[in-house]
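Take a look at the letters that make up each chain.
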Amino acid sequence: MTAWVALLVAAGAGLGAGLRFVAALHLDRSWPHGTLMVNVVGSGVAGAAVALLDDPGGADRAAAFLVVGLAGGLTTLSGLAGQVHDLGWRRGTAYGATTLALATATCAAAYLLLG
Amino acid sequence: MRPTARRTGRRPHASADAPARETTLLAVVVVGGALGGLLRWALGEALEGRLPVAVGGVDPGLLAVNVGGAFLLGLLPGLLHRLEASGRVGRGRRAVLGALAGPGLLGGFTTLSAVALLTVGPLRDDRVVVAVAQLLGTLVAAVAAVALARRLLPVEPAP
């Protein structure tokens, strides 16, 4: 049922966004440790879930909750872009590159190790 | 002074006020994030198979979501500043609106995990250049969108 999938996406994304907000509130300083952490963890969750689930496209309820919802809501690209912009050229580039490298490596490692 | 604090409706110590406010902000972020995620999913479902998938497995729908969300996030500080300056929104409500729209709606709408997932295929096939171009292209476009939005709607309007 599409309604179930929609509900699970919303629940996962709400939970992910809440966790991201708490992490950012308590851990983000001039260097956004909290946002960096949730972006990396969320990308790892997505990689692991896609490796373990049969139909990761989103029709599957577990995928709707974990991949589209939780991992999608836990990670943010708009927040990342805003922080990169505000940190300026040098620190912003370092922060952006660190996030992309760690998030992709974690996602790929989780997928390849579990898949 | 307590009477003054009572008159303005503010508690005398910010620390006593902090837990309740954090819970309020967290609640609106959860609601906004759920809506944002739902919107991202619905858009993906609607666009499924209707957009051309360019070379290297770039997902144009995902790119549009992320760059569009970053642009809107860039507009947010200027927008909230104008709302508060016009007297329609107080400082407290500005914080709630900012949390609802920023980390909530737009944070849940945009996503890094889906971009990371897109790079797994190219990485596995040793097409590292494709993976790196995909990642950097998304982030550079999103940061440019933030910069453009901040210019269009600066926090301090030109006199």
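Let me begin by describing the structure that accompanies this report.

### Considering the layout of surface pockets
Then step 1. Taken as a whole, the second largest pocket encloses approximately 750 Å³ of empty space.
Then step 2. In terms of lining residues, the second largest pocket is bounded by 26 residues, among which A:Phe21, B:Leu73, B:Gly98, B:Gly102 and B:Pro103 are the most central.
Then step 3. Among the elements of the structure, α1 (2–27) and α4 (78–87) of chain A together with α2 (14–47), α3 (60–85) and α4 (91–109) of chain B are those that each provide at least two residues to the lining of the second largest pocket.
Then step 4. Considering every element that reaches the lining of the second largest pocket, the biggest residue donor is α4(B), with 7 residues.

### So, α4(A)
Then step 1. With 7 of its 10 residues buried, α4(A) lies for the most part within the structure.
Then step 2. Residues of α4(A) that are buried include every one of A:Ser78, A:Leu80, A:Ala81, A:Gly82, A:Gln83, A:Val84 and A:Leu87, and no others.
Then step 3. Looking at the packing, one finds that the buried side of α4(A) touches α2 (33–52) and α5 (89–114) of chain A together with α3, α4 and α6 (128–152) of chain B.
Then step 4. Where α4(A) terminates, the next one or two residues include A:Gly88, which has phi positive at roughly 90 degrees.

### As for the interface of chain B and chain A
Then step 1. Facing 39 residues of chain B, the contacting portion of chain A comprises 46 residues.
Then step 2. Of the roughly 3300 Å² buried at the junction of chain B and chain A (both faces included), carbon and sulfur atoms supply 77%.
Then step 3. Three residues stand out in chain B for area buried against chain A, namely B:Trp41, B:Leu112 and B:Leu139, and they jointly supply 21% of the buried area on that side.
Then step 4. Summed over the shared surface of chain B and chain A, the number is 1 salt bridge.

### Comments concerning unusual backbone geometry
Then step 1. Although it is not a glycine, B:Asp126 adopts a positive phi angle of roughly 65 degrees.
Then step 2. Classification of B:Asp126 by relative accessible area gives exposed; the value is 68%.

### As for the environment of A:His26
Then step 1. Looking at the secondary structure, you find A:His26 in helix α1.
Then step 2. A distance of 3.2 Å separates polar atoms of two side chains, one belonging to A:His26 and the other to B:Glu22.

### With respect to the nonpolar core
Then step 1. Of all hydrophobic cores here, the largest spans 19 residues; its most connected members are A:Leu80, A:Ala81, A:Val84, A:Tyr95, B:Leu112 and B:Leu139.
Then step 2. Going through the elements one at a time, α2, α4 and α5 of chain A together with α3 and α6 of chain B are the ones with two or more residues in this core.
Then step 3. Excluding residues that lie within four positions of it along the chain, A:Val84 makes contacts with A:Gly92, A:Tyr95, A:Gly96, B:Leu139 and B:Val143.
Then step 4. A:Val5, A:Ala64, A:Val68 and B:Trp41 belong to the second largest nonpolar core, which has 7 residues in total.

### Examining the pattern of salt bridges
Then step 1. Under the criterion given, the structure shown has 3 salt bridges over all chains.
Then step 2. Between A:Asp86 and B:Arg150 there is a salt bridge, with its nearest N and O atoms 2.8 Å apart. With one member in each of two chains, A:Asp86 in helix α4 and B:Arg150 in helix α6 form a pair that bridges those chains.
Then step 3. For B:Glu84, the salt bridge identified is with B:Arg91, shortest N-O distance 3.7 Å.
Then step 4. Looking at B:Arg91, the relative accessible area reads 63%, which means it is exposed.
Then step 5. Through salt bridges with shared partners, a single ionic network connects B:Glu84, B:Arg91 and B:Arg94.

Cut-offs used in this document
Residues numbered from 1 in each chain as written. Chains lettered and ligands numbered in written order. Predicted model: local features only at pLDDT ≥ 70, side-chain atom pairs only at ≥ 80, totals over all residues. Heavy atoms only, no water. 1 Å grid on protein atoms, 1.4 Å probe; cavity = no way out; pocket = protein on both sides within 12 Å on 5 of 7 lines; lining within 4 Å. Points joined across faces, edges and corners; volume = space filled by probe spheres on them. Helix = DSSP H or I, 4+ residues; strand = E, 2+ residues; numbered from the N terminus. Buried < 20%, exposed > 50% of the residue type's maximum accessible area, 1.4 Å probe, protein only. Contact = heavy atoms within 4.5 Å. Buried area = accessible area lost by both parts, 1.4 Å probe. Salt bridge = Lys/Arg side-chain N within 4 Å of Asp/Glu carboxyl O. Polar contact = N/O pair within 3.5 Å; in protein donor to acceptor, adjacent residues only side chain to side chain. Core = buried A, V, L, I, M, F, W, Y, C linked by side-chain atoms within 4.5 Å.

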